[in-house]
Amino acid sequence: MVLFGPPGAGKGTQAQLLAEQLKVSHISSGDLFRQHLQQGTPLGLRASEFMNRGVLVPDEVTIDIVLDKVLSLNAEDGFILDGFPRNRNQAEVLEDALMRRARGLDKVVYIQVPEPELVKRLAGRYSCRQCQAPHSIPKESLGPEGSAPDLTCQRCGGELYQRPDDRPKAVQKRIQVYQDETLPVLSYYQDRGILAEVSGVDKIECVNHRVLEALRASEPAGC
Ligand code: AP5
Ligand code: MG
């Protein structure tokens, strides 16, 4: 499946939950780039130039890194794509690659969240350097200049940091790029009859319930 939605919609949050619940792999293009950057690879350094500006990393870099992960799975293993595809070309290349393996997407779940809520969430988001899990940190828990010195990841105990692309200017750019380049991909999946839309404004567990319901609706009758 693909989890689709704007920056801050909760794709990463939901993907981590679903991966544990459904015992499938979580493949996040943004996380893959950040892992490369942490390891100081040329690919990570190149990608970060685009990410920090809030624009898309070019397809010739992005597609290979994501498809390598998808195609490294066993044919019967499920996966959740988070942050990919982000334009029509990526959607077409993914479909071709899956078809060549006699596979396909069961569902594309679009998590809808209005822009003011996205901006609020990203301003308060801290991510784990180790496992990349996102956390919402209330302002009163932060130290001077927004630092989060004593806060550790609830999942793995790693250090929390604020992503450079969560600065207000980059957030505005990411939302604009999402509207111009990524949102049009929805019609691609609508045409294939696999698109489901859920509201992402509610408690995390309620959104999780909606996504699971949307997935169940795609199961063949009699299963
Ligand atoms: P990426 O890392 O994919 O970022 P994004 O799509 O902008 O999405 P985010 O990770 O910011 O948000 P999210 O939807 O995962 O929300 P989260 O769960 O963290 O991409 C970053 C960059 O990499 C791109 O800008 C681009 O440069 C590059 N890139 C990546 N993929 C690419 C591709 N395919 N092609 C080209 N370039 C690519 O939640 C956000 C916050 O909200 C958290 O604090 C969380 O705790 C909180 N939250 C979650 N759910 C709720 C809820 N229900 N209620 C209240 N708070 C909530
Ligand atoms: Mg994310």
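Shown above is the structure to which this text applies.
Note that this is a predicted model, so its numbers are computed, not measured. (Residues numbered from 1 in each chain as written. Chains lettered and ligands numbered in written order. Predicted model: local features only at pLDDT ≥ 70, side-chain atom pairs only at ≥ 80, totals over all residues. Heavy atoms only, no water.)

S.K.: Sorry if this is basic, but what is going on with the site of ligand 1 here?
M.R.: Taken together, 34 residues lie near ligand 1, and Thr-13, Val-55, Arg-86, Arg-125 and Arg-174 sit nearest. Between ligand 1 and Arg-86, the relevant distance is 2.5 Å, taken from an oxygen atom to a side-chain nitrogen or oxygen of the residue. Within the side chain of Arg-121, an N or O atom sits 3.3 Å from a nitrogen atom of ligand 1. Look at ligand 1: alone it shows 1000 Å² of surface, and the protein chains cover 94% of it. Put simply, the parts of the chain that give the shell around ligand 1 at least two residues each are helix H1 (11-22), helix H2 (29-38), helix H6 (115-123), strand S6 (134-136) and helix H9 (204-216). Take the shell around ligand 1: its biggest share by element is 4 residues, from H2. Split into classes, the residues belonging to the shell around ligand 1 amount to 13 nonpolar, 12 polar and 9 charged. (Near = heavy atom within 4 Å. Polar contact = N/O pair within 3.5 Å; in protein donor to acceptor, adjacent residues only side chain to side chain. Areas by Shrake-Rupley, 256 points an atom, 1.4 Å probe, with all protein chains shown as cover. Helix = DSSP H or I, 4+ residues; strand = E, 2+ residues; numbered from the N terminus. Nonpolar A, V, L, I, M, F, W, Y, C, P; charged D, E, K, R; others polar.)

S.K.: Can you walk me through the packing of H6 against helix H7 (residues 168-182) in this structure?
M.R.: Packed helix pairs are characterised by how far apart their axes lie and by the angle those axes make with each other. With their axes 11 Å apart at the nearest point, H6 and H7 run at an angle of 140° to one another. The orientation of H6 relative to H7 falls into the category oblique. The two elements H6 and H7 cross, and the hand of that crossing is right-handed. Here H6 contributes Glu-115, Leu-118, Val-119 and Leu-122 to the contact with H7, which in turn contributes Val-171, Gln-172, Arg-174, Ile-175 and Gln-179. In terms of residue class, the contact of H6 with H7 is made up of 5 nonpolar, 2 polar and 2 charged. (Axes fitted to C-alpha atoms, helices over the stretch in contact; angles between N-to-C directions. Parallel < 35°, antiparallel > 145°, perpendicular 65-115°, else oblique. Left-handed = near helix turned anticlockwise from the far one by under 90°. Contact = heavy atoms within 4.5 Å.)

S.K.: Would you take a moment to explain H2 for this structure?
M.R.: Note that an α-helix has 3.6 residues per turn; residues three or four places apart therefore point the same way. Looking only at H2, the buried set comprises Ser-29, Gly-30, Asp-31, Leu-32, Phe-33 and Arg-34. Of the surrounding secondary structure, the elements contacted by the buried residues of H2 are strand S2 (25-28), helix H3 (42-51), helix H4 (59-71), strand S3 (79-82) and strand S7 (160-161). (Buried < 20%, exposed > 50% of the residue type's maximum accessible area, 1.4 Å probe, protein only.)

S.K.: Even after reading the chapter, I still don't get the pattern of salt bridges, so can you show me in this structure?
M.R.: Two side chains of opposite charge can pair, provided their charged atoms sit close to one another. Applying the stated rule across the entire model yields 14 salt bridges. A salt bridge links Arg-121 to Glu-117; the nearest nitrogen and oxygen atoms lie 2.9 Å apart. Placement of the pair is Arg-121 and Glu-117 together in helix H6, with a separation of 4 residues, close to one helical turn. Among the residues examined, Arg-121 registers a relative accessible area of 22% and is labelled partly exposed. Ionic pairing is found between Arg-210 and Asp-202, a salt bridge with its closest N-O pair at 2.6 Å. We classify Arg-210 as partly exposed; its relative accessible area is 28%. Beyond isolated ion pairs, a larger network of salt bridges with shared partners links Arg-125, Arg-163, Asp-165, Asp-166 and Arg-174. (Salt bridge = Lys/Arg side-chain N within 4 Å of Asp/Glu carboxyl O.)

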